[in-house]
Amino acid sequence: METLEQVLTPEEQFQARIDADVRIEPKDWMPDAYRKTLIRQISQHAHSELVGMLPEGNWITRAPSLKRKSILLAKVQDEAGHGLYLYSAAETLGTTRDQMLADLHSGKAKYSSIFNYPTLSWADMGCVGWLVDGAAILNQVPLCRTSYGPYARAMVRVCKEESFHQRQGFEVMQTLCEGAPEQKAMAQEALNRWWWPTLMMFGPKDADSPNTEQSMKWRIKRFTNDELRQKFVDMMVPQAEFLGLTVPDPLVKWNEERQAYDFGEVNWDEFWAVVKGNGLCNHERLQARVDAHEEGAWVREAANAHAAKRAARGAAVAA
Amino acid sequence: MNQSEWPLWEVFIRSKQGLDHKHVGSLHAADATMAVQNARDVYTRRLEGVSIWVVESKHIHASNPDDSEAFFDPAADKVYRHPTFYEVPESIKHM
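Residues numbered from 1 in each chain as written. Chains lettered and ligands numbered in written order. Predicted model: local features only at pLDDT ≥ 70, side-chain atom pairs only at ≥ 80, totals over all residues. Heavy atoms only, no water.

1. Quick look at the overall build of chain A
So, step 1. When you go through chain A residue by residue, the secondary structure sums to 13 helices and two strands.
So, step 2. Projecting the C-alpha coordinates of chain A onto the three principal axes gives extents of approximately 70 × 60 × 35 Å.
So, step 3. When the 319 residues of chain A are sorted by exposure, 49% land in the buried category.
So, step 4. When the accessible surface of chain A is totalled, it reaches about 15600 Å², and 57% of it is carbon and sulfur. (Helix = DSSP H or I, 4+ residues; strand = E, 2+ residues; numbered from the N terminus. Buried < 20%, exposed > 50% of the residue type's maximum accessible area, 1.4 Å probe, protein only. Areas by Shrake-Rupley, 256 points an atom, 1.4 Å probe, with all protein chains shown as cover.)

This is the structure in C-alpha cells:
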C-alpha cells in the first residue's frame, strides 16, 4: 500500500509537519533555506544579547545605589546567559561558535540596531528595561512556539528571565517620575530618546520585509513586524500615561474603531542608516566586542593548555 | 579554524531531590570541571537545580530520525501492553 508520505517530496513532508505544529529537531531533515534562515536569525539574536550587555555595562559602576547596582549586574549576567543559550541552539544546526563570533566581529553578521544608541543618563537604564526589554518580550514570547525545537526551548528560558528585566526598568522610571522635577525631566528626556528607536526594533514595515512571508510559512515567525509594533504601542502608551510621561509622537491617538492606537511613521532613513553601520555607537560597540575577544584569547588558550596537561597526567596515572 | 574552540558539553540538571536529571542545553568548556562551573553560572542562576551532570557532546549517541518509523512503530500495535486493554467486571475492586 502506498502511503501519502511516499508520494510527497521531502519539502512537502517537512511543510506538513510544520503545518501540524510538530517541532523540528536538530537531526531531522530540513530544507537548506530553513537551516540558513534559522542560523542567521538565532545567531543575530545571540549577538544582540552579547552586544546588549554593553550599553548597560556602561552604568554598572555608576548605578545610584547598591540595590540598583546588584540588579543591573544580575541583568547583564542574564544577557550573557541568553546569548549562550542562543549560540548553543544555533550550533545544533551545524554552525560553530568560532564561525558566529568571526561573523559578528567582521561586521558580516548583524545584531539589533537598538544597541547602537548611547545610554546617556541613568534614566536610559530605566528605558532600556521598560521599553527595549518590553519590545524584546513581545518579539520573544511568540518565539517560544517557533518551529525549531532548540530555539523554542532557549526562548522559554529567555522569556522567563526577561520579565524581571522589564519590571526593574519600569521601577527605575517610576522612581524617577515620583522624584524631583529634575528627575522626572530626566525620565521624559530618556523616553524621548528611546521611543522611536524602540519602535524600529520590530524591523522594517511588512511591505519592505521580504523574508516575513516565508518565515511565517515555516512558523519561525508567528506575527509580522507591523502586528508586533502595533501591539507594543497599544501596551506602552497607557504605561507612559501612568508614569505621567508623554510619548514623543503627536500622532498617537486612540482609534475607537480599530480598538488600537494610531501612531506616526518611523523615520526609516534613520533605521536603514543604523542598520548599515552609521548609528551613533556602531563602531564603538563592535570595537568593544573585538577587544574583549582578543584580550580574552590568552584565557582560552591557558584553559586549553591546563585541560591538556591534566588529561596527560590522568593518562600517565592510568598507564 | 576550530582548533581554539573549547569542546561542547551537554548539560543535565536535577531540579530537586527525587527527580531525574533533565537535559537543559549545552555549553563550551575546556574540561569537565570548568563545564560544571559554567553550567552552574549559565543554567542555575535562579535555583533551577541541586545537581549537575555534564557529558561531552561527542560521547552522546542518538537514534536516527530517518529510522524512527521502523524503530518505534512496532510498539504502536501492542495495545495489550496497556491496562486499559483489559475489561474488568464492575464488581471487581482494587484492580
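Back to the text.
2. Side note on the overall build of chain B
So, step 1. The helix and strand inventory of chain B stands at two helices and three strands.
So, step 2. Reading the secondary structure of chain B in the N-to-C direction produces β-β-α-β-α.
So, step 3. When the backbone C-alpha atoms are referred to their principal axes, chain B occupies close to 65 × 35 × 15 Å.
So, step 4. Considering chain B as a whole, with its 95 residues, one finds that 25% of them fall into the buried category.
So, step 5. Put simply, 42% of the contacts in chain B that link residues at least 6 apart link residues at least 24 apart. (Contact = heavy atoms within 4.5 Å.)

3. As for the pairing of strand 2 (residues 21-28) of chain B
All names here are of chain B.
So, step 1. As defined by bridge partners, strand 1 (residues 8-14) adjoins strand 2 across seven bridges and the pair is classed as antiparallel. Of the residues in strand 2, the one forming a bridge with Val-11 is Gly-25.
So, step 2. Hairpin connection between strand 1 and strand 2: a loop of six residues separates the two successive antiparallel strands, and Gly-18 in this loop has a positive phi of roughly 100°. (Pairing = 2+ DSSP bridges.)

4. Concerning the nonpolar core
Residues and elements named next belong to chain A.
So, step 1. Tyr-34 and Trp-195 are the most contacted members of the largest nonpolar core, which totals 92 residues.
So, step 2. Considering every element that reaches this core, the biggest residue donor is helix 6 (residues 122-140), with 11 residues.
So, step 3. What Tyr-34 contacts, discounting residues up to four positions off in sequence, is Phe-14, Ile-18, Ile-24, Ser-147, Tyr-148, Trp-218 and Ile-220. (Core = buried A, V, L, I, M, F, W, Y, C linked by side-chain atoms within 4.5 Å.)

5. Remarks on the sheet that holds strand 1 of chain B
Neighbouring strands of a sheet are bound in pairs by backbone hydrogen bonds; such pairs are parallel or else antiparallel.
All names here are of chain B.
So, step 1. Here we have three strands laid out as an open sheet, ordered 2-1-3, and antiparallel in their pairing. The sheet terminates laterally at strand 2 and strand 3 (51-56), the two strands that pair on one side only. Taking each pair of neighbouring strands and ignoring which way they run, the sheet shows an average axis angle of 25°.
So, step 2. In the packing of helix 1 (residues 32-43) onto the sheet, the strands contacted are strand 1, strand 2 and strand 3, and the crossing angle to strand 2 comes to about 105°. (Axes fitted to C-alpha atoms, helices over the stretch in contact; angles between N-to-C directions.)

6. Some thoughts on the pattern of salt bridges
Residue and element names in this part refer to chain A.
So, step 1. In the structure shown here, the tally under the stated rule is 24 salt bridges over all chains.
So, step 2. Close ionic contact of Asp-124 with Arg-193 constitutes a salt bridge, the shortest N to O distance being 2.6 Å. With a gap of 69 residues between them, Asp-124 in helix 6 and Arg-193 in helix 8 (residues 181-200) connect regions that are remote in the sequence.
So, step 3. What makes Asp-124 buried here is its relative accessible area of 0%.
So, step 4. A relative accessible area of 30% places Arg-193 in the partly exposed class.
So, step 5. Put simply, Asp-21, Arg-23, Arg-219 and Arg-222 are held in one network by salt bridges that share partners. (Salt bridge = Lys/Arg side-chain N within 4 Å of Asp/Glu carboxyl O.)

7. Digging into the packing of aromatic side chains
Residues and elements named next belong to chain A.
So, step 1. Enumeration according to the criterion identifies 16 aromatic pairs over all chains in this entry.
So, step 2. Here the aromatic rings of Tyr-34 and Trp-218 are separated by 5.5 Å at their centres, their planes lie at 90°, and the arrangement is edge-to-face. Here Tyr-34 is found in helix 3 (residues 32-60), whereas its partner Trp-218 is found in the loop between helix 9 (212-217) and helix 10 (225-243), with 184 residues between them in sequence.
So, step 3. Overall, the relative accessible area of 9% leaves Trp-218 in the buried class. (Phe/Tyr/Trp six-rings, centres within 6.5 Å; stacked < 30°, edge-to-face > 60°.)

8. As for the environment of Arg-300 of chain A
So, step 1. Relative to the assigned elements, Arg-300 of chain A resides in helix 13 (residues 297-318).
So, step 2. When residues no more than four places from it in sequence are discounted, the contact partners of Arg-300 of chain A are His-293 of chain A together with Trp-6 of chain B.
So, step 3. A polar side-chain atom of Arg-300 of chain A sits 3.0 Å from the main-chain carbonyl oxygen of His-293 of chain A. (Polar contact = N/O pair within 3.5 Å; in protein donor to acceptor, adjacent residues only side chain to side chain.)

9. Let's talk about helix 6 of chain A
Residues and elements named next belong to chain A.
So, step 1. The end-to-end C-alpha distance of helix 6 is 26 Å, a good match for the 27 Å that 19 residues give at a rise of 1.5 Å each.
So, step 2. Where helix 6 bends most, at Val-128, the angle is about 30°.
So, step 3. Counting buried residues in helix 6 gives 18 out of 19 residues, a clear majority hidden from the surface. (Expected span 1.5 Å × (residues − 1). Bend = angle between axes of the 7 residues up to and from the residue.)

10. Digging into the environment of Pro-7 of chain B
Residues and elements named next belong to chain B.
So, step 1. Inspection of the secondary structure puts Pro-7 in the segment before strand 1.
So, step 2. On the accessibility criterion, Pro-7 (26% relative accessible area) is partly exposed.
So, step 3. The residues contacting Pro-7, other than those within four sequence positions of it, are Leu-27, His-28, Ala-29, Ala-30 and Glu-56.

11. Remarks on a nonpolar patch on the surface
So, step 1. The grouping of Val-79, Tyr-80, Phe-85 and Tyr-86 of chain B at the surface amounts to a nonpolar patch, some 420 Å² of accessible area in total.
So, step 2. Looking at Tyr-86 of chain B, the relative accessible area reads 46%, which means it is partly exposed. (Patch = residues over 30% accessible without salt bridge, like charges linked within 9 Å, V, L, I, M, F, W, Y side chains within 5 Å.)

12. Remarks on the packing of helix 4 (residues 66-91) of chain A against helix 1 of chain B
So, step 1. In contact at an axis separation of 9 Å, helix 4 of chain A and helix 1 of chain B are set at 110° when each is read in the N-to-C sense. Here helix 4 of chain A is positioned roughly perpendicular relative to helix 1 of chain B, judged by the angle of their axes. Contacts between helix 4 of chain A and helix 1 of chain B involve Gln-77, Leu-84, Tyr-85 and Ser-88 of chain A from the former and Asp-41, Val-42 and Tyr-43 of chain B from the latter.
So, step 2. Class assignment for the residues of the contact of helix 4 of chain A with helix 1 of chain B results in four nonpolar, two polar and one charged. (Parallel < 35°, antiparallel > 145°, perpendicular 65-115°, else oblique. Nonpolar A, V, L, I, M, F, W, Y, C, P; charged D, E, K, R; others polar.)

13. Focus: the interface of chain A and chain B
So, step 1. The interface is formed by 25 residues belonging to chain A together with 25 residues belonging to chain B.
So, step 2. Taking both sides of the interface into account, the surface hidden between chain A and chain B amounts to around 2000 Å²; carbon and sulfur atoms contribute 46%.
So, step 3. Looking at the side of chain A facing chain B, the largest losses of area belong to Lys-27, Asp-98 and Arg-157 of chain A, adding up to 25% of the total buried there.
So, step 4. A salt bridge links Arg-45 of chain B to Asp-78 of chain A, with the nearest nitrogen and oxygen atoms 2.8 Å apart.
So, step 5. By residue number, the principal contributor to the side of chain A that touches chain B is helix 4 of chain A, which donates eight residues. (Buried area = accessible area lost by both parts, 1.4 Å probe.)

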